[in-house]
Every structure is written in C-alpha cells, then in structure tokens.
Amino acid sequence: MASTYYYLTEEEKNSIGRLGGNAPEWFDDKRDMVDEPGCHYGFYCTFQLKDTERSLSIFIPESFDRLLDGNIYPSCSIKAFTHPTTEESGDNYFRLMPEKPKAGERLTSYQKKFDYSRPVLKKVFIAPCTEKPEDDAAFLTIGDDIFYVQDEDYYREALIKDGYEIWGYINEEGFYPLARETELIHGNMPLSFGAMYLYQKGGEIIAGYWQYS
C-alpha cells in the first residue's frame, strides 16, 4: 500500500488537522466516553480522513503510569475515535496538561521547572508532503511504510489474529525540526519520543500499541 506522509507546520493552510489545542467540538458532551474512572485523558491530535467528512482524533491518559500499563492491544490505553469533522472546541477540558505531582512526591530539578498550568503541546498543524524528505521524519504516515521502534512480532500478533491490519503510525521524531524552532513541547514528550501504531478493520481505526526506545 502506497504511503502518504504528513509533517508538522505552523501554517494552517492546506492542513488536514492539528496537534495540540482543544479537542473537536464533537467531544464536548462526551467526557464519560473518553475519560476513565480516576484517569483523565488529554487530547493529542486530530486529522481529517481522506475523501470523507470524518476525522480521527486521538487521546492519551495524562497519567504516565496508565500509559505504560496499557501499551499493547487489546488493552492499549491510547484511544482513537472516528467521528464527524467539527471545529475546535472552545472548551479546554481535554487540553493535554502535564501530569501533576502526587502529594508528597519529591520532584527532580527538571520537574521543578514545569509550569503545571501550561499545556504540554503548542497547537500546530498537520500538512501533507508529496515526497518524503531524506532527513526529516514524518509526524504521520498513512500506509505501510512503517518504522518500528521495537520490531517485535508479539506487538502485532493479537491484532492480526483479530483481523486488523496496519493503517499507519504517528512518530514523535516528527516533532523535529519544528521543535527546534519553536517552543512546541512544555515538559516531557507525551510518548517519551516514541511512536503509536494505528490499525484498521473495516471502517474502524484503533491505536494498536505504542513504543518508545
């Protein structure tokens, strides 16, 4: 399957979606669908699906422990929703924020620099590129040109058994070079400079697993 590559840009023109900011309006009355008991989810990105009026939006738990515990199908903690394309919400309920320290937790000097009132991600846009640049990683790849952080079969076995096939992946290496030019990230990389792998069955697209080195 031929692949299409998308990169992060500060220009909204010709973009198919965005990283960061508020969730789409469609989620304004769906907090219970996204959140889990005792675990708040933050909006990661959204992008329109080709030749449709639908988008794929991705949310991740603000708790890094929850993110680590659910790294693989069928218990992947990253949630992907296909939904009607809507404008960005004015409600910042799902804005991805740094995980706040637990009461009495001893902070590292690095953590002490965090401003816990600031979102993790500056809003930027996702735009296509007709040819894959030699040096810069794509943020989003749709197709089967996949780089695996850990190319181990056990990540894929249950998905394949249940009829899913690879659809694409999101690579946080694609934060660069923009992250060198602007304050794109506040605090830690949401996936620790990792990648999430998107799988499809019929019209359903899910986050199958995520990896980091």
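Before reading further, recall that the structure is shown in the block above.
Residues numbered from 1 in each chain as written. Predicted model: local features only at pLDDT ≥ 70, side-chain atom pairs only at ≥ 80, totals over all residues. Heavy atoms only, no water.

### Description of the environment of aspartate 162
No. 1: Counting through the fold element by element, aspartate 162 comes out in the loop between helix H3 (157–161) and strand S8 (165–171).
No. 2: Accessibility expressed as a relative area gives 36% for aspartate 162, which makes it partly exposed.
No. 3: With 39 residues separating them along the chain, aspartate 162 and lysine 201 place their C-alpha atoms 8.8 Å apart.
No. 4: Sequence-distant contacts of aspartate 162, that is, excluding residues within four places in its chain, are made with Tyr73 and Lys201. (Helix = DSSP H or I, 4+ residues; strand = E, 2+ residues; numbered from the N terminus. Buried < 20%, exposed > 50% of the residue type's maximum accessible area, 1.4 Å probe, protein only. Contact = heavy atoms within 4.5 Å.)

### Re unusual backbone geometry
No. 1: Of note, the bond from tyrosine 73 into proline 74 is cis; its omega dihedral lies within 30 degrees of zero at 10°.
No. 2: Within the secondary structure, proline 74 is located in the loop between helix H2 (64–69) and strand S5 (79–84).
No. 3: Residue proline 177 follows tyrosine 176 across a cis peptide bond; omega there is 10°.
No. 4: Relative to the helices and strands, proline 177 is located in the loop between S8 and helix H4 (178–181).
No. 5: Positive phi, close to 60°, is recorded for aspartate 51, a residue that is not glycine.
No. 6: Along the chain, the position of aspartate 51 falls in the loop between strand S3 (41–48) and strand S4 (54–61).

### Remarks on the packing of aromatic side chains
Two aromatic rings are characterised by how far apart their centres lie and by the angle between their planes.
No. 1: For the structure on display, the rule yields 21 aromatic pairs.
No. 2: An angle of 65° between the planes, with centres 6.3 Å apart, marks the rings of phenylalanine 64 and tryptophan 210 as edge-to-face. With phenylalanine 64 in helix H2 and tryptophan 210 in strand S10 (residues 204–211), this pair connects stretches of sequence that are 146 residues apart.
No. 3: With centroids separated by 5.2 Å and ring planes inclined at 35°, the aromatic side chains of tyrosine 155 and tyrosine 209 adopt a geometry described as tilted. Taken together, the residues span a long stretch of sequence, with tyrosine 155 in the loop between strand S7 (140–142) and H3 and tyrosine 209 in strand S10 at a distance of 54 residues.
No. 4: What makes tyrosine 155 buried here is its relative accessible area of 5%.
No. 5: Between lysine 79 and the ring centre of tyrosine 41, over which it is positioned, the NZ or CZ distance is 4.5 Å. (Phe/Tyr/Trp six-rings, centres within 6.5 Å; stacked < 30°, edge-to-face > 60°. Lys NZ or Arg CZ within 6 Å of the ring centre and 35° of its normal.)

### Thoughts on the nonpolar core
Side chains of nonpolar character tend, in soluble globular proteins, to be buried together.
No. 1: Core analysis: the biggest nonpolar cluster contains 34 residues, and Tyr44, Ile58, Ile78, Phe139, Ile170 and Phe175 have the highest contact counts within it.
No. 2: Secondary structure elements with two or more residues in this core: strand S1 (4–9), S3, S4, strand S6 (124–129), S8, strand S9 (195–201) and S10.
No. 3: Not counting chain neighbours up to four residues away, the residues in contact with phenylalanine 175 comprise Leu8, Leu19, Tyr44, Leu121, Phe139, Leu184, Ile185, Met189 and Pro190.
No. 4: In terms of nonpolar packing, the next biggest core, distinct from the first, is built from 13 residues, Leu159, Tyr169, Ala195 and Tyr197 among them. (Core = buried A, V, L, I, M, F, W, Y, C linked by side-chain atoms within 4.5 Å.)

### Details of the sheet that holds S7
No. 1: Taking strand neighbours across the sheet as the criterion, the 10 strands line up as S5-S4-S3-S2-S6-S1-S7-S8-S9-S10 in an open arrangement whose pairing is antiparallel. Looking at the sheet topology across the chains shown, the edges are occupied by S5 and S10. Strand after strand, the sheet turns through a mean of 30° between neighbouring axes, direction not considered.
No. 2: By the bridge criterion, three bridges tie S1 to S7 in an arrangement that is antiparallel. (Pairing = 2+ DSSP bridges. Axes fitted to C-alpha atoms, helices over the stretch in contact; angles between N-to-C directions.)

### Some words on a negative patch on the surface
No. 1: On the surface, Glu12, Glu25, Asp28 and Glu87 cluster together into a patch of negative charge.
No. 2: On the secondary structure map, aspartate 28 appears in the loop between strand S2 (17–19) and helix H1 (31–34).
No. 3: Relative accessible area serves as the criterion here: at 37%, aspartate 28 is assigned to the partly exposed category. (Patch = residues over 30% accessible without salt bridge, like charges linked within 9 Å, V, L, I, M, F, W, Y side chains within 5 Å. Areas by Shrake-Rupley, 256 points an atom, 1.4 Å probe, with all protein chains shown as cover. Salt bridge = Lys/Arg side-chain N within 4 Å of Asp/Glu carboxyl O. Lys, Arg positive; Asp, Glu negative; His and termini not counted. Charge placed at Lys NZ, Arg CZ, Asp CG, Glu CD.)

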